[in-house]
Protein chains: 2
Amino acid sequence: MTTDAFLADCRARLAFDLLANTWNAVVLRALRDGPARPVELRERIGGISSKVLTETLRRLRFNGLVDRRTPPDRPSRVEYRLTPLGRTLLGPLDAVGAWAFEHGDEVMAAQEAACPRE
Amino acid sequence: MTTDAFLADCRARLAFDLLANTWNAVVLRALRDGPARPVELRERIGGISSKVLTETLRRLRFNGLVDRRTPPDRPSRVEYRLTPLGRTLLGPLDAVGAWAFEHGDEVMAAQEAACPRE
DNA sequence: CGGGATCCAGGGCGATACTG
DNA sequence: CAGTATCGCCCTGGATCCCG
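Read on for an overview of the structure. If you're wondering where the values come from, they're calculated on a predicted model, not measured in any experiment. (Residues numbered from 1 in each chain as written. Chains lettered and ligands numbered in written order. Predicted model: local features only at pLDDT ≥ 70, side-chain atom pairs only at ≥ 80, totals over all residues. Heavy atoms only, no water.)

**Looking at the relation of the copies chain B and chain A**
The condition that has to hold: For the least-squares superposition of copies, only C-alpha atoms count, and only for residues with pLDDT at least 70 in both.
Overlaying chain B on chain A yields an RMSD of 0.0 Å, the required transformation being a rotation through 180° with an accompanying axial translation of 0.0 Å. The transformation relating the two chain copies, once decomposed into turn and shift, fits a two-fold axis. Closest approach to the rotation axis among the C-alpha atoms of chain B is made by A20(B), whose C-alpha sits 1.9 Å away.

Now the structure itself:
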């Protein structure tokens, strides 16, 4: 493996920076089942404000992971969808999600052990 | 798959939050080859200050991913190493890194297309 | 409904300097 | 060498208001 993983200027950092925003991964996964309008995304996700969702989608678009479309006949309607590139990121994201599903309680246990409940 | 991936309060968020810090993933991968002292880590990583490295290691310890040891005979010497739990995260991290290695140029191309060089 | 404009709070990151 | 203490910047996240 020639990934040279941990160097600060390594290309792997590019992806880690992508995941360095709270909502990026969440929104990406919320788009996995197909295009969605912002209001749908907010329903699916829960707990994300309109403004933050917009910002997140903007970032994802900027990185070529998400595409924004408005039907020609319904200019007021807006849809976001994963680009082919964005779809390729779902695999690694699933790997991370699966890890959390499997080891999440261990992390939480470590946290509680670190700060004992008074 | 019952991951319920994108919900805001899903367990997957736990891992995404772990990766939501700039240096967490980098430091974890820097520890993959075995225990290391802070000065070694800084050499391996490059571009990280002593303070930020300390903070990052503190976070990783708090989440049970990293262990800190000082040899009984050399109290001044400090070593950090991955815990078994932390080691299990290397796999998903590699998946992300491999993705960057494969698609990094596409992301960069999208970025440049978004903000045309003057 | 989409999303821009503000204002604000919190925290990560960085540089520097200082203590064992 | 390890770690802490400051100080400051800037960005994200969050709430609110407003416009097309």
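**Focus: the protein's contact with DNA strand C**
The criterion, for reference: When we say a residue is near a molecule or strand, we mean one of its heavy atoms is within 4 Å of it. Nitrogen and oxygen atoms within 3.5 Å of one another constitute a polar contact, given that in protein one can donate a hydrogen and the other can accept it, and given that sequence-neighbouring residues count only through two side-chain atoms. Only DSSP runs of H or I with at least four residues qualify as helices, and only runs of E with at least two residues qualify as strands; both kinds are numbered from the N terminus onward. Think of it as three bins: nonpolar holds Ala, Val, Leu, Ile, Met, Phe, Trp, Tyr, Cys and Pro, charged holds Asp, Glu, Lys and Arg, and polar takes everything else, Gly as well.
As a matter of local geometry, DNA strand C sits amid 16 residues, with R58(A), R68(A), T22(B), W23(B) and K51(B) nearest to it. Protein-adjacent atoms of DNA strand C, using a 4 Å cutoff, are sugar or phosphate at a proportion of 74%. Take R58(A): an N or O atom from its side chain is 2.6 Å from a phosphate oxygen of DNA strand C. Between DNA strand C and the protein, one listed contact pairs a phosphate oxygen with a side-chain N or O atom of W23(B) at 2.9 Å. If one sorts the elements of the surface near DNA strand C by residue count, helix α4 (residues 50-62) of chain A sits on top with four residues. Here the surface near DNA strand C is composed, by residue class, of six nonpolar, four polar and six charged.

**Quick word on helix α6 (residues 90-114) of chain B**
Rules: Here the bend at a residue is taken as the angle between two axes, fitted respectively to the seven residues that end there and the seven that start there. Residue burial is assigned from relative accessible area. The probe radius is 1.4 Å, only protein chains are included, and a residue is buried under 20% of its type maximum, exposed over 50%, and partly exposed in between.
At H103(B), α6(B) is bent by approximately 60°, the largest bend along its length. For α6(B), the set of buried residues is L90(B), P92(B), L93(B), V96(B), G97(B), W99(B), A100(B), H103(B), G104(B), V107(B) and A110(B).

**Re the packing of helix α3 (residues 38-45) of chain A against α4(A)**
Residues and elements named next belong to chain A. This is how it is decided: The convention used is that axes are lines fitted to C-alpha atoms, helices contributing only their stretch in contact, and that angles between N-to-C directions extend from 0 to 180 degrees. For this classification, under 35 degrees means roughly parallel, over 145 means roughly antiparallel, 65 to 115 means roughly perpendicular, and everything else is oblique. For this analysis, residues touch if any pair of their heavy atoms sits within 4.5 Å.
Look at α3 against α4: their axes get within 11 Å of each other, and the N-to-C directions meet at 110°. In terms of their interaxial angle, α3 and α4 are classed as roughly perpendicular. Residue-level inspection shows P38, L41 and R42 of α3 in contact with α4, the latter providing S50, L53 and L57. Considered class by class, the residues forming the contact of α3 with α4 number four nonpolar, one polar and one charged.

**Quick word on the interface of chain B and chain A**
What counts, and what does not: Buried area is calculated as the accessible area (1.4 Å probe) missing from two parts once they are joined, with the contributions of both summed. Counted as salt bridges are all cases of a side-chain nitrogen of Lys or Arg within 4 Å of a carboxyl oxygen of Asp or Glu.
Residue-level contacts link 52 residues of chain B with 52 residues of chain A. Between chain B and chain A, the buried area comes to about 4700 Å², and carbon and sulfur atoms account for 73% of it. Run the count over chain B and chain A and you get zero salt bridges. Inspection of the region where chain B meets chain A yields eight residue pairs in polar contact (both at pLDDT 80 or more).

**Some points on the packing of aromatic side chains**
The condition is simple: The rule is short: rings of Phe, Tyr and Trp, with Trp giving its six-membered ring, pair when the centres are within 6.5 Å, and they are stacked under 30 degrees, edge-to-face over 60, tilted in between. The criterion is that NZ of a Lys, or CZ of an Arg, lies within 6 Å of the ring centre and within 35 degrees of the ring normal, and then a charge sits over that ring.
Following the criterion strictly, the structure yields zero aromatic pairs over all chains and no others. Here the guanidinium or amino end of R11(A) rests over the ring plane of F101(B), the centre of that ring lying 5.9 Å away. Positioned above the aromatic ring of W23(B) is the side chain of R13(A), whose terminal nitrogen or guanidinium carbon lies 4.7 Å from the ring centre.

**A word on the packing of helix α6 (residues 90-114) of chain A against α6(B)**
The condition that has to hold: Put simply, a crossing is left-handed when the front helix is turned counterclockwise from the back one by less than a right angle, and right-handed when it is turned clockwise.
Axis separation between α6(A) and α6(B) bottoms out at 8 Å; the angle between their running directions is 165°. In terms of orientation, α6(A) and α6(B) fall into the roughly antiparallel class. As α6(A) packs across α6(B), the resulting crossing turns out to be left-handed. Of the residues in α6(B), those in contact with P92(A), A95(A), V96(A) and W99(A) of α6(A) are P92(B), A95(B), V96(B) and W99(B). Across the contact of α6(A) with α6(B), the residue classes break down as eight nonpolar, no polar and no charged.

**Overview of the protein's contact with DNA strand D**
Taken together, 16 residues lie around DNA strand D, and T22(A), K51(A), P38(B), R58(B) and R68(B) are the ones closest in. A distance of 2.6 Å separates a phosphate oxygen of DNA strand D from a polar side-chain atom of R58(B). Listed by contribution, the elements that provide at least two residues to the surface near DNA strand D are α4 of chain A together with α3 (38-45) and α4 (50-62) of chain B. In terms of residue count, the dominant contributor to the surface near DNA strand D is α4(B) (four residues). Classifying every residue of the surface near DNA strand D by side-chain character gives six nonpolar, four polar and six charged.

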